Amino acid sequence: MTDKRVRLCFIVCDGGPAGHFAEFTKYLIADNRLSIDIYTNEIHQAKFEDLRNHERIRMFHFSLHGMNESDEDNLATKIIENCMKENVDKILIDIGNQFDVKLARKLTNTIDFWCYYDNPEEYVPGGYSNRCIEMMSLCQNILFANKNLARLELDEKIIRGIGYYPIEIAEKLKQRRELERTQLRDKYGWKNIEYIFIYFGGNNQLYYELAFPNFLSLLSQIDQQSLHNTLFLFHQHPAAKKDNYDGNLFQNWLEKNSHIQASLSQLTSDEAQILADGIFYYQTSMAYQFALIGIPIMQVAHKIYKDILVQHNLCHTAIDLNQFENGLKLFKKQNNSMENKQLIYDAIGYNKNWLKNFREIVLHFE
C-alpha cells in the first residue's frame, strides 16, 4: 500500500461523522501518498467546504431527501460503482443511517472498507444502536472513535479504536467564548439579558415523544423568580428541521407560555455554544464538547440516559420539577471553567495519537 498513491474514500450520511471525516481529511491530505474522495449527504456538505479546492481531494454530493427504498438502492449502487471505476483502495462509511446498510451490502467482496462508529457511547437510545448492530453485522472491519469501545466482543470481526474526538473544536470554541460573547449578545440584542440558557435538540422518537415534551412541561412550571432576566432558546438538530416535529411542538408551547422569555434559536451551532450560560440536552454526541468548553450542562429527560457525563457526575440531571429548579440555580452559580478535562478525555476514549492510529489501522502507513 505504501508503494503507490492510495485513494481513500469517505462516504458519510450524518452530521457527527461528517465533522470527524472533515477533520481526518485536513490532517491526512498532508501525506503525498494519499488522494481522498468524499461522498457526503448534501445537507452536511458545508463541513467540507474548506477542503473543496485541494488538488488531491474530490467532492461528491448526494441527497436522500424524498427517496424511496428503490431510489436509495439505486443510489448506493451508483456510488459503489463509481468508487470501483475510480480505483478507490479503501472506504470508510458512517454507521448510524439506514442508507449505510445499503452501502455495506453492496460493498461486500468489492472494496476494502471500514464502518465508523463515531459516538463515544456504547449504547445510544432512539434507534441509533439498532441500526449500528445491523450495520456491524455486515462489516468485517469496525473502527471506533472511542478507543475504549474496541473492547467489545463481536465474533470474527476486526475491531479497532483510534481515540478520536474533536478536541480542537472544543478548545477553539472555548477561546471564542472569551473573545466573542459580548459582541454576539450585542449583535442579537441580548446585551441586557443576564442568563441565556439553550436546549440542544435531538433527532429520534424518544426525544420527540418523551424527553423534549418533559423538558417543556418542566419549563412551564418553574418558579417565576427563576425566569427573571433569563432567555431560553431552543436550538434544533439540523436533521430535525425537515419534519419539524419538535419545532411545531415548541411553537405551540410558546403560545401557551408567553410569560416565559423563550424563542426558537436562529444561531449557528458555534454561536449557541459561545453564548450559552447553560445547556440542556437529552442525548447528543456534542454533550462532551459542551463539557470540554466548560459550559454548565443539564440532562433533562423523562428518564435519565446514563451517558458518560452522567456516569462521571459531569452534568446535572432532571426528570422532575424540583431537580430542574435546583439545576437552574446551580447553572446561575457556576463559572464556565473546566476542571475535569483529563477525566473527560479518559471517559470518551480520547488519545492524542489518534491520527497515527488511523494511519496504521486503516491505511497501514507507519
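That block above? That's the structure.
Throughout what follows, the structure given in this document is the object of discussion. (Residues numbered from 1 in each chain as written. Predicted model: local features only at pLDDT ≥ 70, side-chain atom pairs only at ≥ 80, totals over all residues. Heavy atoms only, no water.)

1. Thoughts on the pairing of strand E9 (residues 230-235)
Here is step 1 of the chain: Burial analysis of E9 places six of its six residues in the buried class, which makes it a mostly covered element.
Here is step 2 of the chain: In terms of strand pairing, strand E8 (residues 195-200) meets E9 through six bridges, oriented parallel. Bridged to Tyr195 within E9 is Thr230.
Here is step 3 of the chain: For the crossover that starts at E8, traverses helix H6 (residues 205-221) and ends in the parallel E9, the hand is right-handed.
Here is step 4 of the chain: Note: E9 against strand E10 (residues 262-264), three bridges, orientation parallel. Residue pairing in the sheet places Phe234 in a bridge with Leu264 of E10. (Buried < 20%, exposed > 50% of the residue type's maximum accessible area, 1.4 Å probe, protein only. Helix = DSSP H or I, 4+ residues; strand = E, 2+ residues; numbered from the N terminus. Pairing = 2+ DSSP bridges. Right-handed = clockwise from strand over helix to strand, strands pointing away.)

2. Some points on the packing of aromatic side chains
Here is step 1 of the chain: Tallying each qualifying case throughout the model produces 39 aromatic pairs.
Here is step 2 of the chain: With a centroid separation of 5.6 Å and an interplanar angle of 80°, the aromatic rings of Phe24 and Tyr116 are classed as edge-to-face. Pair noted here: Phe24 is in helix H1 (residues 15-28) and Tyr116 is in strand E5 (residues 112-117), with a separation of 92 residues, a long-range link. Comparing Phe24 with Tyr116 shows no difference in burial state: the two are buried.
Here is step 3 of the chain: Between the aromatic rings of Phe215 and Phe324, the centroid separation amounts to 5.9 Å while the plane-to-plane angle is 85°, which identifies the pairing as edge-to-face. Of the two residues, Phe215 sits in helix H6 while Phe324 sits in helix H11 (residues 321-333), which places them 109 residues apart along the sequence. (Phe/Tyr/Trp six-rings, centres within 6.5 Å; stacked < 30°, edge-to-face > 60°.)

3. Re H11
Here is step 1 of the chain: For H11, which comprises 13 residues, the first-to-last C-alpha distance of 19 Å matches the rise-based estimate of 18 Å (1.5 Å per residue) to within 8%.
Here is step 2 of the chain: Taken together, the buried positions of H11 are Phe324, Glu325, Gly327, Leu328 and Phe331. Along H11, the residues classed as buried sweep out an arc of 155° about the axis, all on the same side. In H11, those exposed residues whose orientation departs by more than 90 degrees from the buried face are Asn322 and Lys333.
Here is step 3 of the chain: Those residues of H11 that are buried are in contact with E8, H6, E9, strand E11 (278-281), strand E12 (297-300) and strand E13 (316-318).
Here is step 4 of the chain: The opening residue of H11 is Asp320, an N-cap whose side-chain oxygen sits 3.3 Å from the backbone nitrogen of Asn322. (Expected span 1.5 Å × (residues − 1). Arc of directions from axis to C-beta. Contact = heavy atoms within 4.5 Å. Polar contact = N/O pair within 3.5 Å; in protein donor to acceptor, adjacent residues only side chain to side chain.)

4. Considerations on the nonpolar core
Here is step 1 of the chain: By size, the foremost hydrophobic cluster in this structure holds 67 residues, and its most contacted members are Phe10, Phe24 and Phe358.
Here is step 2 of the chain: Of all the elements, helix H9 (residues 287-293) adds the most residues to this core, at six residues.
Here is step 3 of the chain: Residues within four places of Phe358 in sequence aside, it is in contact with Leu8, Phe10, Phe24, Leu28, Leu92, Leu143, Ile162 and Leu363.
Here is step 4 of the chain: Core analysis: the next-biggest nonpolar cluster, separate from the first, contains 66 residues, Leu107, Met135, Met298 and Val300 among them. (Core = buried A, V, L, I, M, F, W, Y, C linked by side-chain atoms within 4.5 Å.)

5. Section: the pattern of salt bridges
Here is step 1 of the chain: In the structure shown here, the tally under the stated rule is 18 salt bridges.
Here is step 2 of the chain: Between Asp31 and Arg33 there is a salt bridge, and its shortest N-O distance comes to 2.9 Å.
Here is step 3 of the chain: Residue classification places Asp31 among the buried residues on the basis of a relative accessible area of 12%.
Here is step 4 of the chain: Between Glu360 and Lys356 there is a salt bridge, and its shortest N-O distance comes to 2.8 Å. Within this pair, Glu360 and its partner Lys356 are both found in helix H13 (residues 354-363), separated by four residues, close to a single helical turn.
Here is step 5 of the chain: Through salt bridges that share partners, Arg7, Asp37, Arg58 and Glu86 make up one connected network. (Salt bridge = Lys/Arg side-chain N within 4 Å of Asp/Glu carboxyl O.)

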